[in-house]
Amino acid sequence: MPCERLRSMAVWALVCMLAAPGTTATADDASATATEVRVERTDGTVASGRLERIDEREAVLTGSPSLPVAGIRRIMAAGGAAADAQARRPFAATVIGADGLRVGGEDFTWQGDRAAIRCDGGRIELPIDRVRTVVFRRPQAAAGAVDPEWLAALPEEPESDLVVVARAKEGGGEEFEMVPCAITAVSADGVEVVLDEEKLPVKRTKVAGLHWVRAGANAGGGTQVEIAGGVLRARSVTWTPNGLILDGDVRIPATMLRGIDYAVGRTVRLSTLAAERTEVEPFFGALGSIDEIAAYFKPRFVAAPAGAGAAAGPPALVVRPRTVAVWRVPDDGRRFRTRVAAAAGPQATGAAAVAVLLDDREVFRRRIDATATGGEGEAGEAAGVPIDIDVAGGRRLTIEVGFSAGRGTGCAILFADPVFEK
């Protein structure tokens, strides 16, 4: 549209100046140091020691037999998280991808097909195609501020790349303008864009953020890798004292590793599966025949409460006595994991009998007392009794919640993030 084009050019006229030549990034010279880790296996055992290497088949600790990756749930670096907490401060640049990538650092640059994130721990290099959005922290941002408002206002399917330009408002503060263009390079001093077939260098001091047109990706698949400053997803993970490499093209300093969660990519949440059969018989049986009330007694998934500044947790299953619910075990399912407790709230009185069966064979039974467990809100706090069941070769998993003798109508039971692991 002519008016829109003129308006965009006017915005650039306010902010564009020749950018200073970009500085050449130096290679990561962080020295490789020993990494002590804790390895949690799928059979519940734990191994600890000095990490020597990780490849697609195995992890090796000094002086120990190699550990097949297929038998590892997660690897956690010792001491790294505590060090990060002590040195935590707002990131100057936050890089976000459509595949679950979110990493903060001191700067972001891009030339050709490779982008770089400069961090305290060294330099992260990755293909520019994995980057969707970059947020540059503004000097005016308050300490502890969360994501800027413009981030939530980005269109889900933009027609072009967008540069978010900051402009001073009358009376103080800043306002932001999203300008459509083609982003072609990012240096320490400027952003190079193409607008109406003309290259325009823009000073970084005027840029609050960048957003590229990218095809959507599934953030739920793959192995989850936590590093100092963020998290990524990957199909393949290798580590040596010389570096952490994801998918063969993302390079991260070895000392930035904080954890590798293989179970994430092998997990099927119960909330994504339809129950094959559900039977509900409330204490006052007639209530189950009233449509408006029957739904209250049926098993249902609820969002676990969010922590301060964090998103809501994975769904939890709330089940009231007396209920029998049956799910088919996914193909290649190896274990069923959850934690069981009394659901918190006004109804948290009495007790209930909880049983889990695999192909009609009882594999777990416990009496859950509302006075001993609970948490904030109906979804509780994932506290309670752990359930970890070998379901390999099983066909159906049954959850039963019944009345506990002598304890009245019983209490609602919470199954925190119930999952099958492959």
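Use the structure listed above.
Notes on the structure in this doc start here. Given the structure is predicted, the values throughout are model-derived calculations rather than measurements.

Conventions adopted
Residues numbered from 1 in each chain as written. Predicted model: local features only at pLDDT ≥ 70, side-chain atom pairs only at ≥ 80, totals over all residues. Heavy atoms only, no water. Helix = DSSP H or I, 4+ residues; strand = E, 2+ residues; numbered from the N terminus. Contact = heavy atoms within 4.5 Å. Core = buried A, V, L, I, M, F, W, Y, C linked by side-chain atoms within 4.5 Å. Buried < 20%, exposed > 50% of the residue type's maximum accessible area, 1.4 Å probe, protein only. Pairing = 2+ DSSP bridges. Axes fitted to C-alpha atoms, helices over the stretch in contact; angles between N-to-C directions. Phe/Tyr/Trp six-rings, centres within 6.5 Å; stacked < 30°, edge-to-face > 60°.

Before going further, it helps to examine the environment of Ala78. With respect to the helices, strands and loops of the structure, Ala78 is situated in the loop between strand 5 (72–77) and helix 2 (80–86). For Ala78, the residues in contact, after removing those within four places along its chain, are Glu36 and Val37.

Core analysis: the largest hydrophobic core is formed by 56 residues, its most contacted members being Phe108 and Leu210. Ranked by residues supplied to this core, first place goes to strand 13 (residues 174–186) with four residues. Counting residues in each nonpolar core, the second largest holds 28 residues, with Leu317, Val354, Leu358 and Ala370 among its members.

Here five strands make up an open sheet; going across it, the order is 24-27-32-29-30 and the pairing antiparallel. The open sheet terminates on both sides in strands that have one partner only, identified here as strand 24 (277–280) and strand 30 (361–369). Pairs of neighbouring strands in the sheet enclose a mean axial angle of 10 degrees, with direction left out of account. By the bridge criterion, four bridges tie strand 24 to strand 27 (residues 323–328) in an arrangement that is antiparallel.

Turning our attention to the pairing of strand 3 (residues 58–61). Of the two faces of strand 3, the one lined by Glu58 and Val60 and the one lined by Ala59 and Leu61 are each fully buried. Judged from the three bridges that link them, strand 2 (residues 46–54) and strand 3 form a sheet pairing that is antiparallel. Bridging across to strand 3, Ile54 finds its partner in Ala59. Counting the residues that bridge the hairpin from strand 2 to strand 3 gives three residues. Here strand 3 runs beside strand 4 (residues 67–68); their pairing, made up of two bridges, is antiparallel. Within strand 4, the residue paired with Ala59 across the bridge is Leu67. A loop of five residues connects strand 3 with strand 4, the two strands running antiparallel in sequence, and Gly63 in this loop sits at a positive phi of about 75 degrees.

Scanning all chains against the criterion turns up three aromatic pairs. Ring centres of Trp110 and Trp212 lie 5.8 Å apart, and the angle between their planes is 75 degrees; on these two criteria the pair is classed as edge-to-face. Separated by 102 residues along the polypeptide, Trp110 in strand 8 (residues 107–111) and Trp212 in the loop between strand 16 (207–211) and strand 17 (223–227) bring together distant segments of the chain. For Trp212, a relative accessible area of 3% puts it in the buried group. Ring geometry for Phe336 against Phe420: centres 5.3 Å apart, planes inclined by 55 degrees, an arrangement best described as tilted. Taken together, the residues span a long stretch of sequence, with Phe336 in strand 28 (residues 335–342) and Phe420 in strand 33 (residues 413–421) at a distance of 84 residues. Accessibility classification places Phe336 together with Phe420 in one group, the buried group. Every member of this aromatic cluster is reached through a ring pair, and the members are Phe108, Trp110 and Trp212.

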